[in-house]
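Here's the letter readout for the chains.
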Amino acid sequence: MSSSKLTERIYAYLGFHSVEKSGETDAAILTCLDELKEIAHFRYKYKFFNTPPEFLKKEPYTSYLRGSSGVIVAVMTLGGEVDARIKFLGRTHAAKALVFDACASAYLEHLSDEYEKTLGDNLSYRFCPGYGGSSVEDLKFIFKILSPEKIGVTLSDANYMLPSKSMAGVIAVGGALQKTCGSCIVADNCKYLKGGVKCYGSEKK
């Protein structure tokens, strides 16, 4: 993904805080990305299944996985240093903290997209518990399968992942729903499309 595409993704996050595009914000984004590249420790843990684990044998997962030849269950994180930086900025520089938080979210998705290119072709988009009517309670099953504590990610009793700049989800291998906005089952509520951008690098619609 080009730096301009990554910046668009960051602005999609900032849009929820009514932050307008400007030269000042562009400069803040570049500064925050430079800092992120210095302190982030990206880690990714996954497991491939020919047959979906039991917790995926219900809607909306069955629709998402229809026609697939397998599924990847994954957890990814930027590490605790990023959370610490966001908390520090929240106390000392609120405006920069807002930009840094958005940059971290977009950067995590970008690194995850790039890593997943090494896992094979014909992969769908990530589907995370909480999307499309699924329950965040399903994070517990992912954590039981992967034990991502080994890469520094834990799950609270309230189903919050720590560090906060972490994600967990599933990726269909093959199947009907590829990385296109038209086939995405969460398109109607997509924060990216509302901001005029896509969550992935493909040029397909």
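Residues numbered from 1 in each chain as written. Predicted model: local features only at pLDDT ≥ 70, side-chain atom pairs only at ≥ 80, totals over all residues. Heavy atoms only, no water.

Asker: Which residues make up the overall build of the protein chain, and what values do they have?
Answerer: When helices and strands are tallied, the protein chain shows 7 helices and 6 strands. Scanning the protein chain from its N terminus toward the C terminus, one meets helices and strands in the order α-α-β-α-β-α-α-β-α-β-β-β-α. Taking all 205 residues of the protein chain together, the buried fraction comes to 46%. Considering only contacts within the protein chain whose residues lie at least 6 apart along the sequence, 72% involve residues at least 24 apart. Carbon and sulfur atoms make up 53% of the accessible area of the protein chain, which amounts to about 10400 Å² in all. (Helix = DSSP H or I, 4+ residues; strand = E, 2+ residues; numbered from the N terminus. Buried < 20%, exposed > 50% of the residue type's maximum accessible area, 1.4 Å probe, protein only. Contact = heavy atoms within 4.5 Å. Areas by Shrake-Rupley, 256 points an atom, 1.4 Å probe, with all protein chains shown as cover.)

Asker: Residue-level account of the packing of helix H1 (residues 3-14) against helix H2 (residues 23-39), with values.
Answerer: Packing of H1 against H2 brings their axes to within 11 Å, and their N-to-C directions diverge by 110 degrees. Considering the angle they form, H1 stands roughly perpendicular to H2. Facing Leu-6, Thr-7, Ile-10, Tyr-11 and Leu-14 of H1, the residues of H2 in contact are Thr-25, Asp-26, Ile-29 and Leu-33. Partitioned by chemical class, the residues of the contact of H1 with H2 number 6 nonpolar, 2 polar and 1 charged. (Axes fitted to C-alpha atoms, helices over the stretch in contact; angles between N-to-C directions. Parallel < 35°, antiparallel > 145°, perpendicular 65-115°, else oblique. Nonpolar A, V, L, I, M, F, W, Y, C, P; charged D, E, K, R; others polar.)

Asker: Describe the sheet that holds strand E6 (residues 166-174), and please don't skip the residues or the numbers.
Answerer: Strand order across the open sheet formed by 4 strands is E1-E2-E6-E3, with antiparallel pairing between neighbours. Each edge of the open sheet carries a strand with a single partner, namely strand E1 (43-49) and strand E3 (123-127). Taking the axes of each pair of neighbouring strands and ignoring which way they run, one obtains an average angle of 20 degrees across the sheet. Packed onto the sheet, helix H6 (residues 139-146) meets E1, strand E2 (68-77) and E6 and runs at close to 90 degrees relative to E2. (Pairing = 2+ DSSP bridges.)

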